[in-house]
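Coordinate inspection notes
Residue-level listing of the chains:
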Amino acid sequence: DVKVTQSSRYLVKRTGEKVFLECVQDMDHENMFWYRQDPGLGLRLIYFSYDVKMKEKGDIPEGYSVSREKKERFSLILESASTNQTSMYLCASRGLAGGQDEQYFGPGTRLTVT
Amino acid sequence: GQNIDQPTEMTATEGAIVQINCTYQTSGFNGLFWYQQHAGEAPTFLSYNVLDGLEEKGRFSSFLSRSKGYSYLLLKELQMKDSASYLCAVFSGGYNKLIFGAGTRLAVHP
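Every chain's residues receive numbers from 1 upward, in the order its sequence appears when written. Chains and ligands are labelled sequentially in the order written, the chains with letters from A and the ligands with numbers from 1. Per-residue local features are limited, in this predicted model, to residues with pLDDT of at least 70; the limit for side-chain atom pairs, both in listing and counting, is 80 or more; totals at the level of whole chains, interfaces and linings are taken over all residues. Heavy atoms throughout the structure, all of them, feed into the side-chain values; hydrogens and water do not.

**Some thoughts on the sheet that holds strand E7 (residues 60–65) of chain B**
Residue and element names in this part refer to chain B. The strand order E1-E3-E8-E7-E6 describes an open sheet built from five strands, whose pairing is antiparallel. In this open sheet, the two edge strands, each paired with only one partner strand, are strand E1 (3–5) and strand E6 (53–57). Between one strand and the next, the sheet's axes are offset by a mean angle of 15°, whatever the strand orientation. Strand direction decides the pairing type here: E1 and strand E3 (residues 18–25), joined by three bridges, are antiparallel. Along E3, the bridge assignment pairs Asn3 with Gln25. Note: two strands are recorded as paired if DSSP finds a minimum of 2 bridges between them. By definition, any uninterrupted DSSP run of H or I lasting at least four residues is a helix, any uninterrupted run of E lasting at least two residues is a strand, and each is numbered from the N terminus. For helices, the axis comes from a line fit to the C-alpha atoms of the stretch in contact; other axes are also lines fit to C-alpha atoms, and the angle between any two N-to-C directions lies between 0 and 180 degrees.

**Side note on the interface of chain A and chain B**
Residues count as neighbours in contact if any of their non-hydrogen atoms are within 4.5 Å of one another. The interface is formed by 21 residues belonging to chain A together with 18 residues belonging to chain B. Simply put, the buried area is the total loss of 1.4 Å probe accessible area from both parts when two parts are fitted together. Counting each side, the surface lost to burial between chain A and chain B is near 1,700 Å², with a carbon and sulfur contribution of 59%. It is A:Leu43, A:Arg94 and A:Phe105 that lose the most area in chain A upon contact with chain B, and together they represent 25% of the buried surface on that side. Of all the secondary-structure elements, those providing two or more residues to the side of chain A that touches chain B are strand E4 (31–38), strand E5 (42–51), strand E9 (87–97) and strand E10 (100–105) of chain A. By residue class, the composition of the side of chain A that touches chain B is nine nonpolar, six polar and six charged. Throughout, the ten residues Ala, Val, Leu, Ile, Met, Phe, Trp, Tyr, Cys and Pro are labelled nonpolar, Asp, Glu, Lys and Arg are labelled charged, and all others, Gly among them, are labelled polar.

**Side note on the state of the cysteines**
Residue and element names in this part refer to chain A. By convention in this document, the label disulfide applies to cysteine sulfur atom pairs within 2.5 Å. Counted according to the given criterion, the structure contains two disulfides over all chains. Covalently, Cys23 is tied to Cys91 through a disulfide, its sulfur atoms 1.8 Å apart. Measuring handedness by torsion sign, the sulfur bridge of Cys23 and Cys91 sits at about -75° and is left-handed. Separated by 68 residues along the polypeptide, Cys23 in strand E3 (residues 19–25) and Cys91 in strand E9 bring together distant segments of the chain. The cut-offs for exposure are 20% and 50% of the maximum accessible area for each residue type, with area from a 1.4 Å probe on protein chains only; residues under the lower value are buried, those over the upper are exposed, and the others partly exposed. On the basis of relative accessibility, which here comes to 0%, the residue Cys23 falls in the buried class.

Okay, structure coming up:
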C-alpha cells in the first residue's frame, strides 16, 4: 500500500539544467514537505506546503522552488542545477492516521548533477 | 537555535536490548518522532511521543521527558534486520516543522 510516490528513483542531470522532482500522496494530507539528505548532515527541510498554492521556506531553500497546484501533488524545482545539489531528495506528507499525527516519506530520488 | 543530538554509531548483539538516546533544544515542542531508515531507502515511521512517558509498540518502545529535552528508543530482542539508521525528529515552530537529528547508525552482530 504505497502512500507517497516520487517520479524517479535515480536521476542524472547536467549543471545548469532545470530539474523537476514530483511527489504524489494519496492520503488527502494538507501538509507536504521536501527534504534533502546528505551523509553526516541528516535530513534538512527545503520547502513545505500546508495547503494548495501555499508554500513556506524551510532551512535551505536557496536554489530551489516548489509548486503545489493540487492537494495531492508537490513539486520541487531546481531552476539551474549545480553539483552541490547532488543529494538524496525525500518527499513527505503528514496528517492524522488513527487519531495519531504521522509523517510518511516517499522512496526518495537520488539526484546526481554532473 | 535548534539542536537535536544523537550518538553517531552504536553496535549490539543479536537478541540483546539497545537504547538509542536523543536530546533536543528547540524553539517550541509539539511532539517527537522516531524513524527507522535502511541504507538507500526512505525513513519509515516507528513512534510518536507528545506526552511524557513510555510508549510501547511490540519490540520497540519510545520514552519522552519534555522537562529534560530527552527521548530514547528502546529496541528489544534485536534481530539482524534491525541494523539501520534511527532518526530522532522534533515538531517545532509555528507550522510544526519536523526537525531531524543526524541519525544513529545501529549495527547488529550475530
